[in-house]
Amino acid sequence: MGKDQIRLLIVEDVPQVAQYIRGLLNSQSAISLLDVLTDGSKAVGQISQLRPDVLVVDALLQGRVKGLQLVDQLHSGGIGVPIIVLTVPQHPIEPDPERGIQAVLMMPFSGFDLMNKVSGVHRSFQASEEAAGSRVLTVFAPKGGVGKTTVAFNLAVAMAQAGRSTALIDGNLQFGDLRSLLKVPPDAPSILDLPTDRVQESDLADVMWRDPSGVDILLAPPRIEQAEMVTVRDVDKILSLLRRVYAVVVIDTPAALTDTTLSFLDACDTIIEIVTFDSTTIHNTLAMADTFRSIGYSPSKVRYLVNRADSSGGMDLNELAKAIGRVPEHFVVSDGRLVIEANNGGVPFVLTEPGAQVSLDIIRVASELLVGDRVPVGARR
Ligand SMILES: Nc1ncnc2c1ncn2[C@@H]1O[C@H](COP(=O)(O)OP(=O)(O)OP(=O)(O)O)[C@@H](O)[C@H]1O
Ligand SMILES: [Mg+2]
């Protein structure tokens, strides 16, 4: 069976209809028919075993479990298969995704109708699955110079190395830290080059900076005063588009809590908040936790990453944990020489020196963040 074929399963107890569908599918190879099930009462078990990509259920199915009863059973059982309901004009049914009916096929239908419906629901189901599977991570700290840009860049590269298609957004809209880190030419396209009314997937190709590290980067505007041209509405639209296209989106942010930074924090799934062994950082981290609580973020939305975790300046981890009120989730050691060298060269140290402790730490953080991700490594574009 071809890898790109859509695996179709049919629940149909009228032999003539089943035969008709078989005939329509004979002359093509985009869809392969797994089986035709005739008994609604046994179908749930068979369907979860066969795991089709698309299911067609005849609404007029007779027997103990009728057609729409089966659809309801499948839907309430949370079976992740898009369903097309087959019916006749005398029994009109409307598509109802809330009930698990993605599309309706009215008899009599042509081969073209069938193919169109099957590939259509398959495509949109895949797209929604991908959107649900994508992860948006905002690297943040209420303090400057703690390593946000360094961590965001190297983490994004580690995610890409782990087989995830990864985008990195330079959320430092005023100063564009990634622009300077990567020594991008001033005329390289930026977030301002995305259309503001209807952003589409095809617009992205011209605007993303394709870094040799394998990460696609959405750069900040080239000039400081242009930052204010990016609105919260733009941010929301851009993020929902990037979610559809990339498996992982990492956002670098400035230390200031501007309205665009807030919209990045709002829209992301996880905030990676950098802390260091430094009393002002800890003070600000506590103040920030308070703010996050009052905005209504759940504590699990934030994960603390201790950067330069081995240069504690006399404070130990217990003290840090006590000060911020919880044990940090992630740790990255200090490596003054390598980090500065790599940053000055505009390259990710996770690629240039993957064996260094600081690189191993970032790679581990990436895998810790990807735990629970349903998609196996390498399965994405
Ligand atoms: N783990 C580390 N080991 C050694 N040096 C580090 C480490 N992380 C960051 N640095 C250094 O700290 C400095 C600040 O890092 P970076 O620019 O990433 O911080 P930032 O939080 O993005 O700063 P800003 O608030 O200005 O955006 C850089 O010189 C960088 O080389
Ligand atoms: Mg920065």
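Residues numbered from 1 in each chain as written. Chains lettered and ligands numbered in written order. Predicted model: local features only at pLDDT ≥ 70, side-chain atom pairs only at ≥ 80, totals over all residues.

Draft legend 1. Quick look at the overall build of the chain. Broken down by element type, the chain carries 14 helices and 13 strands. Evaluated residue by residue, the chain yields a buried proportion of 38% over its 381 residues. Considering only contacts within the chain whose residues lie at least 6 apart along the sequence, 73% involve residues at least 24 apart. (Helix = DSSP H or I, 4+ residues; strand = E, 2+ residues; numbered from the N terminus. Buried ≥ 20, exposed ≤ 12 C-beta atoms within 10 Å, placed from the backbone. Contact = placed C-beta atoms within 7 Å.)

Draft legend 2. Looking closely at the sheet that holds strand 11 (residues 270–275). Across the sheet, which stays open at both edges, the eight strands sit in the order 8-9-7-10-6-11-12-13 with mixed pairing between neighbours. On the outer flanks of this sheet lie strand 8 (209–210) and strand 13 (330–332), each paired with one strand and no other. Where strand 8 meets strand 9 (residues 216–218), two bridges bridge the pair, whose relative direction is antiparallel. Of the residues in strand 9, the one forming a bridge with Trp-209 is Ile-217. (Pairing = 2+ DSSP bridges.)

Draft legend 3. Spatial organisation of the sheet that holds strand 3 (residues 54–58). Pairing in this open sheet of five strands is parallel, and the strands run 2-1-3-4-5 from one edge to the other. This sheet does not close on itself; its edge strands, each paired only once, are strand 2 (31–37) and strand 5 (101–106). Strand-to-strand, the axes of this sheet are offset by a mean angle of 25°, without reference to chain direction. In terms of strand pairing, strand 4 (residues 83–87) meets strand 5 through five bridges, oriented parallel. Bridge pairing in strand 5 links Ile-83 to Ile-101. (Axes fitted to C-alpha atoms, helices over the stretch in contact; angles between N-to-C directions.)

Draft legend 4. Broad picture of the site of ligand 1. Neighbouring ligand 1 are 22 residues, the closest being Gly-144, Gly-147, Lys-148, Thr-149 and Thr-150. Where the shell around ligand 1 is concerned, the elements lending two or more residues are helix 5 (148–161) and helix 12 (336–345). Of the residues forming the shell around ligand 1, the biggest block, four residues, is contributed by helix 12. Taken together, the residues of the shell around ligand 1 break down into eight nonpolar, ten polar and four charged. (Near = placed C-beta within 6 Å. Nonpolar A, V, L, I, M, F, W, Y, C, P; charged D, E, K, R; others polar.)

Draft legend 5. Spatial organisation of the nonpolar core. If you look at the biggest cluster of nonpolar residues, it comprises 68 residues, and the most contacted ones within it are Val-139, Leu-155, Ala-156, Leu-168, Val-249 and Val-250. The element that contributes the greatest number of residues to this core is helix 5, accounting for nine residues. Setting aside residues no more than four positions away along its own chain, Val-249 makes contact with Ser-134, Val-136, Ala-167, Ile-169, Leu-239, Leu-242 and Arg-243. By size, the runner-up hydrophobic cluster in this structure holds 27 residues, among which are Leu-37, Ile-84, Ile-101 and Val-118. (Core = buried A, V, L, I, M, F, W, Y, C linked by C-beta atoms within 7 Å.)

Draft legend 6. Expanded view of the domain arrangement of the chain. Here the domain parsing of the chain yields domain 1 (6–130) and domain 2 (134–370). Distance from the C-alpha centre of domain 1 to the C-alpha centre of domain 2: 44 Å. (Domains from an automatic or database assignment.)

Draft legend 7. Region of the structure containing unusual backbone geometry. Residue Met-107 is joined to Pro-108 through a cis peptide bond whose omega torsion reads -5°. Relative to the assigned elements, Pro-108 resides in the loop between strand 5 and helix 4 (111–133). Despite not being glycine, Arg-308 shows a phi value in the positive range, around 55°. Assignment of secondary structure puts Arg-308 in the loop between strand 12 (302–307) and helix 11 (317–324). Here Arg-308 falls in the buried class, since 21 other C-beta atoms lie within 10 Å of it.

Draft legend 8. Region of the structure containing the packing of helix 10 (residues 279–295) against helix 11. Where helix 10 contacts helix 11, the two axes come as close as 9 Å, and the packing angle between them is 35°. Residue-level contacts link Ile-282, Thr-285 and Leu-286 of helix 10 to Leu-320, Ala-323 and Ile-324 of helix 11. Along the lines of polarity and charge, the residues of the contact of helix 10 with helix 11 split into five nonpolar, one polar and no charged.

Draft legend 9. Up close: the packing of helix 5 against helix 14 (residues 357–370). Contact geometry for helix 5 and helix 14: axes closest at 9 Å, N-to-C directions at 65°. Between helix 5 and helix 14 lies a crossing of right-handed hand. Taken together, the residues of helix 14 that come into contact with helix 5 (itself represented by Asn-154, Leu-155, Ala-158 and Met-159) are Ile-362, Ile-363, Val-365 and Ala-366. Per-class residue counts for the contact of helix 5 with helix 14 are seven nonpolar, one polar and no charged. (Left-handed = near helix turned anticlockwise from the far one by under 90°.)

Draft legend 10. Structural detail: the confidence of the model for the chain. Summing up the model confidence of the chain, the mean pLDDT is 90 and the portion of residues at 70 or higher is 94%. This model gives residues 373–381 a pLDDT under 50, and the stretch forms 13 contacts once residues within four places in sequence are excluded. (pLDDT = per-residue confidence, 0-100.)

Draft legend 11. A look at helix 10. Taking 1.5 Å as the rise per residue, helix 10 with 17 residues should run 24 Å; its terminal C-alpha atoms sit 24 Å apart, in good agreement. Contacts from the buried residues of helix 10 go to strand 11 and helix 11. Looking one or two residues past helix 10, Gly-296 carries a phi angle of roughly 105°, positive in sign. (Expected span 1.5 Å × (residues − 1).)

Draft legend 12. Seen up close, the pairing of strand 4. In terms of burial, strand 4 is a largely internal element, four of the five residues being buried. Relative to strand 4, strand 3 is paired through four bridges, and the arrangement is parallel. Note that in strand 4 the partner of Leu-55 across the bridge is Ile-83.

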